[in-house]
Amino acid sequence: DVCSSDLVVMGVSGCGKSTVGQQLAASLTVEFLEGDQLHSTENVARMAAGIALTDEDRQGWLETLADRIGNARANRSGLVVSCSALKRRYRDTLRQGASDLLFVYLQGSPELLAARMSSRPGHYMPASLLESQLATLEIPCADENAQTFDTALPASAVVRAVVASLST
């Protein structure tokens, strides 16, 4: 069922959301949406300047993502979105697009995440914001339809596990 392939790959910067998301979308033969590409110019400028986004800064962006998820659900086309989705309220906003949205949460050690962030030349998100993201992160609760994976795992292993869970 393609509808079961509406999902969000989430976690802090550097956890591998884009890599896992792209591979997952390809495996499920659905569209991949890089959530960061829908941030406003103002939000990108704030993050590039090392300023953490507020809930208010994120709200319009999250609503846009929820709309895209809702459209994919209405069209039964399936969609994989990469989005930090750091707080439960952010995930609740995303669920407005599809109440049974699956979250794939990639968690990792601060050291591994920082190393990955520092090896991404030209990315607007400075490593200095990792600490604020980790402080903001609310790990998904049992009632949130989330699967948790160690970001040290190869992306292909995460993708295989998620795809296997969707087919059961």
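Residues numbered from 1 in each chain as written. Predicted model: local features only at pLDDT ≥ 70, side-chain atom pairs only at ≥ 80, totals over all residues. Heavy atoms only, no water.

Caption draft 1: Molecular detail of the overall build of the protein. Helices and strands together make up the secondary structure of the protein, namely seven helices and five strands. Mapped in sequence order, the helices and strands of the protein form the string β-α-β-α-α-β-α-β-α-α-β-α. The burial tally for the protein puts 45% of its 168 residues in the buried class. Nonlocal contacts in the protein, meaning residues at least 24 apart in sequence, comprise 79% of its contacts between residues at least 6 apart. For the protein, the accessible area works out to roughly 7,900 Å², and carbon and sulfur atoms hold 51% of it. (Helix = DSSP H or I, 4+ residues; strand = E, 2+ residues; numbered from the N terminus. Buried < 20%, exposed > 50% of the residue type's maximum accessible area, 1.4 Å probe, protein only. Contact = heavy atoms within 4.5 Å. Areas by Shrake-Rupley, 256 points an atom, 1.4 Å probe, with all protein chains shown as cover.)

Caption draft 2: Structural detail: the pairing of strand β4 (residues 102–107). Burial analysis of β4 places five of its six residues in the buried class, which makes it a mostly covered element. One ladder, built from four bridges, connects strand β1 (residues 6–10) with β4; its direction is parallel. Across the sheet, Leu7 pairs through a bridge with Leu102, a residue of β4. (Pairing = 2+ DSSP bridges.)

Caption draft 3: Summary view of the nonpolar core. The biggest cluster of nonpolar side chains holds 41 residues, and the ones touching the most others in it are Leu7, Val8, Leu24, Val80, Cys83, Leu94 and Val104. Counting residues per element, the ones that place at least two in this core are β1, α1 (17–28), β2 (31–34), α3 (55–75), β3 (79–82), α4 (88–94), β4 and α7 (155–166). Apart from residues lying up to four places away in sequence, Val8 is in contact with Ile69, Val81, Cys83, Leu94, Leu101, Leu102, Phe103 and Val104. (Core = buried A, V, L, I, M, F, W, Y, C linked by side-chain atoms within 4.5 Å.)

Caption draft 4: Local environment of the packing of α1 against α7. Axis separation between α1 and α7 bottoms out at 9 Å; the angle between their running directions is 45°. For the element pair α1 / α7, the angle class is oblique. Relative to α7, α1 is oriented so that their crossing is right-handed. Between α1, through Thr19, Val20, Gln23, Leu24, Ser27 and Leu28, and α7, the contact on the second element is made entirely by Ala155, Ser156, Val158, Val159, Val162, Val163 and Leu166. Among the residues forming the contact of α1 with α7, the class breakdown is nine nonpolar, four polar and no charged. (Axes fitted to C-alpha atoms, helices over the stretch in contact; angles between N-to-C directions. Parallel < 35°, antiparallel > 145°, perpendicular 65-115°, else oblique. Left-handed = near helix turned anticlockwise from the far one by under 90°. Nonpolar A, V, L, I, M, F, W, Y, C, P; charged D, E, K, R; others polar.)

Caption draft 5: Inspection of the pattern of salt bridges at higher detail. Scanning the model with the defined rule gives twelve salt bridges in all. In this structure, Arg89 engages Asp55 in a salt bridge whose closest nitrogen and oxygen atoms are separated by 2.9 Å. Within this pair, whereas Arg89 is found in helix α4, its partner Asp55 is found in helix α3, the two being separated by 34 residues in sequence. Owing to a relative accessible area of 45%, Arg89 belongs among the partly exposed residues under this scheme. Across the pair Asp100 and Arg73 runs a salt bridge whose closest N-O atoms are separated by 2.8 Å. You can see Asp100 sitting in the loop between α4 and β4 and its partner Arg73 sitting in helix α3, a full 27 residues away along the chain. For Asp100, a relative accessible area of 44% gives the class partly exposed. Several salt bridges share partner residues, and in doing so they unite Arg88, Arg91, Asp92, Arg95, Asp143 and Glu144 into one network. (Salt bridge = Lys/Arg side-chain N within 4 Å of Asp/Glu carboxyl O.)

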